[in-house]
Structure formats: C-alpha cells, structure tokens
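Descriptive structure summary
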Amino acid sequence: MEQLTVKTKNCSYSVHIGKEVYDLFSTEYKELLHNADKVGIFADATAASYHLEKLEQALNAAEIAYELHTLPAGEESKSPLSFMSCHSFLLQHNFTRQSVLIAFGGGACGDLTGFVAATYMRGIPFIQCPTTILAHDSAVGGKTAINMPEGKNMVGSFHQPAGVLFQPDLFATLPKREIRSGMAELIKHALISDADWTESLLLNSDFPNFSADVLSSELLKGIQVKAEIVEQDEFEQGMRKFLNFGHTLGHAVEAYFGFGKVSHGECVMIGMAYSLLLSESYGDITPEYTERFIRFSDHAGYPMQAILEVEFSALLPFMKKDKKVSSGELVFVLLKSLGNPFTQKVTEEQCEHSYYELISRIKGEVQT
Ligand SMILES: NC(=O)c1ccc[n+]([C@@H]2O[C@H](COP(=O)([O-])OP(=O)(O)OC[C@H]3O[C@@H](n4cnc5c(N)ncnc54)[C@H](O)[C@@H]3O)[C@@H](O)[C@H]2O)c1
Ligand SMILES: [Zn+2]
C-alpha cells in the first residue's frame, strides 16, 4: 500500500492507494469513526452495485455501524435537489456535528458528499473512497461543489477530506470511456509538471489501459503533483490555476454537447490539444508536438473529431463563464515548455484563429 500526505494551512491528511486500503478502517481511521455518533455512506448507485460490499465488509470488520444513502449515478447526484435530499437524509437519521460521512463513488459523488459535509451543521468531517480513475484528481485538494441550472460547479466550498482511500481493483468495472476520461487528467498532471514523465506516458502503447499495478504508481505520481500544488495554493489564488490546463476549452466543449455526452476527460484532451497549440505562440511548444499529441489522443480513443463541425461562436459563451476570466478577458493556462505552466490572457481573435487552426490540424492528423 502506498501513501502520501497532503498538508494545507489548517490540516493534514493521508492519501492511500492499494488493494488493502479499506483495512485502514480497523486501524488508522478507527478512532475517527468510533468517536463519531453516526457514520453515513453516500454511495454512487453504479459503484455501489458493483463494489459496496467491499466497503461494508471492512466497516463491519471494524465494528463501525453506518447508514447508507444511495445517490443517482454520476453527475445527476450533483443537482441542488439531490444536495437537499442528502441534508434531509442526515436530519431524518439524527446526524449531528459529531457525525462523519464517507463518499463512495467517482468525482461527482465525492464533490457532492464533500459539499454536504462542508455545510451540514456548518461542517463535519468526511472520508473519500473514490471508485474512478478521474477521482485521483477530484478526491484530493478539498474542492467540493454542486451544479446549478446556470452552470457546473457554481456553488461549493473548500473542505478538505479527513483521508482518501483508493482501492484500484474497483476500476476494473469502469467503462472504457470513463477510463479514458480519468487518464486525461493523468496526462494533464504530467504535462504541467514533468517532460520525462509525459514522454513515458505518450510512448506507452498500453495507454490508457494500464494494469492495476502500473496504474496505481502512475496515479500516485498524479496525486503527488496535485498535492504539491494544493499545499502551496489551497484556495486557488495563483498556481492552483495550473490544474485547469486544458479545461477552458474542455469545459466549453463539455457544456456545448450537454454534460455526459462526451466525457469530462475526453473534452479536456481536446482542450489540452488547443492549449498546446496556443502555447506555440507564447511558449516553446512546436507544431510537431501538438500534432503528435493529437495523433496520440486519437490513437488512444479520444474523440478529437467531435469538434470538427462546432463553430467557435457556439463555444465562446461557455468559455466566458470560466472562473479564470478576468475583466472580461479569457485567461488560459499554457506551457512555456513541457512541465512549465503559466497563465496568459489571450484575445478573442487569437482564440478564434487558433480554434480553427486546431480543427485543421485534427483534420490532418485524425482519420475520420
Ligand atoms: N473537486 C475537484 O477538484 C474535481 C476535479 C476534477 C473533476 N471534478 C468533478 O468530478 C466529476 C467527474 O468525476 P468522474 O469522472 O469520476 O465521474 P462520475 O462520478 O460521474 O463517475 C462516472 C461514471 O462512472 C460510474 N462509476 C463510478 N465508479 C464506478 C466503477 N468502479 N465501476 C463502474 N462504474 C463506475 C458512475 O456511476 C458514473 O456513471 C465531475 O462532476 C467534475 O466536476 C472535481
Ligand atoms: Zn478536470
């Protein structure tokens, strides 16, 4: 079992990854859970249908009683209605300030449970038990949120978990699309931190279908990158923005298609190709590198061609909702070189020009 520690200004917690992580309910996390007057599991319906038994067995072995609240699968759980129903569940089951929550699911379940934990009786602790690859990103760092009809993640708070327990065997039931989605965030962590690591990922012909062991060690590297950034900038005043690499266009593409049609990571992969292309103007990234990245993405099954018929004007309103927009100007995370991110204001004209350049590069590199 591997472990690393995340230290923020006000707290410190561990991230564990390995087959035996749930044994920690009988050791490291026993006191926290035994001291709680109530323990609640908030479980994603699909993740629960495959794997909840593993968590329940571990809690039973540790003699921890719990109440189970099953959430709609995926993004639907992050609605205001679902958020309210979680609070009602806790109130109806007499949870108090001394209670603890456990999130069992992907990023959606973790974001929702975290925000419920942040707001129930002004804040109670929660433990993340992520069940998707993408959640190596979302479960660490303390950003919690729900969606509003007006936009994704628009209401939320910073609330760090008491611990994060990754059981990589649970990824075996993930659909291919979700594997690709999670692995895009891993590529992101590599691109913003380490040229050699990025190269090893791009050269690995197994990508994105790694064995559980390889995946564990790669995810640990990704978590390390995220943890180091969060430790230095918990509240996103500066360098935490680097974690948004590829997300300005990525989020716009995701919103344009309607959340869930093209997965988050698939959209981020398109967004990262765009950011690499923009980095040609502001950094040392070469056109050959961007083209190689597009070929790699296509080969790994990312739907780069999804945007070929999409006009820039259809995406711009979504890009303007980006939280990095400053005084109406679009701000992108770009790379000076591989592993060296920075933020850059880019005019709408340049954004538009580069977007159509991206489309023409995709047409050149991808077999449609
Ligand atoms: N808080 C953060 O810092 C942060 C960072 C990145 C993303 N996010 C959020 O994370 C969410 C995306 O996370 P995600 O990609 O994990 O999506 P998700 O939670 O929606 O899960 C994806 C799908 O996989 C299913 N699933 C979960 N575990 C499974 C398993 N083991 N086997 C089979 N199916 C399983 C779910 O039911 C869902 O349908 C978004 O809401 C995004 O906003 C948050
Ligand atoms: Zn993301």
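Report follows, based on the coordinates. (Residues numbered from 1 in each chain as written. Chains lettered and ligands numbered in written order. Predicted model: local features only at pLDDT ≥ 70, side-chain atom pairs only at ≥ 80, totals over all residues. Heavy atoms only, no water.)

1. A short note on the overall build of the protein chain
- Across its full length, the protein chain carries 13 helices and eleven strands.
- Against the globule reference of 21 Å for 368 residues, the protein chain gives a C-alpha radius of gyration of 20 Å, in line with a compact fold.
- Each principal axis of the C-alpha distribution contributes one length, and for the protein chain these read about 60 × 40 × 40 Å.
- Here the protein chain, with 368 residues, has 56% of them falling under the buried criterion.
- Looking at the protein chain alone, contacts between residues at least 24 apart form 74% of all its contacts between residues at least 6 apart.
- Of the roughly 15200 Å² of accessible surface on the protein chain, a fraction of 49% belongs to carbon and sulfur atoms. (Helix = DSSP H or I, 4+ residues; strand = E, 2+ residues; numbered from the N terminus. Rg over C-alpha atoms; globule rule 2.2 N^0.38 Å. Buried < 20%, exposed > 50% of the residue type's maximum accessible area, 1.4 Å probe, protein only. Contact = heavy atoms within 4.5 Å. Areas by Shrake-Rupley, 256 points an atom, 1.4 Å probe, with all protein chains shown as cover.)

2. With respect to the coordination of the zinc ion (ligand 2)
- Donor atoms from the polypeptide that coordinate the zinc ion (ligand 2) comprise Glu 185 (OE), His 247 (NE2) and His 264 (NE2), at 1.9 to 2.1 Å from the metal.
- Counting the intervening residues between successive donors of the zinc ion (ligand 2) yields the motif E-x61-H-x16-H. Of this pair, Glu 185 sits in helix 6 (residues 176-191) while His 247 sits in helix 9 (residues 247-257), and the two are 62 residues apart along the sequence.
- Owing to a relative accessible area of 1%, Glu 185 belongs among the buried residues under this scheme.
- With relative accessibility at 5%, the residue His 247 sits in the buried group. (Donors = N, O, S within 2.8 Å, 3.2 Å for Na, K, Ca; no water.)

3. Let's talk about the site of ligand 1
- The full set close to ligand 1 counts 26 residues, and Glu 75, Gly 107, Thr 131, Thr 132 and Thr 173 are the nearest of them.
- Thr 173 places a polar side-chain atom, nitrogen or oxygen, 2.7 Å from a nitrogen atom of ligand 1.
- When ligand 1 is considered free in solution it has 860 Å² of accessible area, and contact with the protein chains removes 89% of it.
- With four residues, helix 2 (residues 45-61) is the single largest residue contributor to the shell around ligand 1.
- Residues belonging to the shell around ligand 1 are distributed by class as follows: seven nonpolar, ten polar and nine charged. (Near = heavy atom within 4 Å. Polar contact = N/O pair within 3.5 Å; in protein donor to acceptor, adjacent residues only side chain to side chain. Nonpolar A, V, L, I, M, F, W, Y, C, P; charged D, E, K, R; others polar.)

4. Details of the pairing of strand 6 (residues 126-130)
- Taken across its five residues, strand 6 has five buried, putting it largely inside the fold.
- The alternating pattern of strand 6 places Phe 126, Gln 128 and Pro 130 on one face and Ile 127 and Cys 129 on the opposite face, and all of these are buried.
- Of the crossover connections in this fold, the one passing from strand 5 (residues 100-105) over helix 4 (residues 107-119) to the parallel strand 6 is right-handed.
- As judged from the two bridges shared by strand 6 and strand 9 (residues 163-166), these two strands associate in the parallel manner. Bridge pairing in strand 9 places Gln 128 opposite Val 164. (Right-handed = clockwise from strand over helix to strand, strands pointing away. Pairing = 2+ DSSP bridges.)

Distances and angles like these do not, on their own, reveal function.
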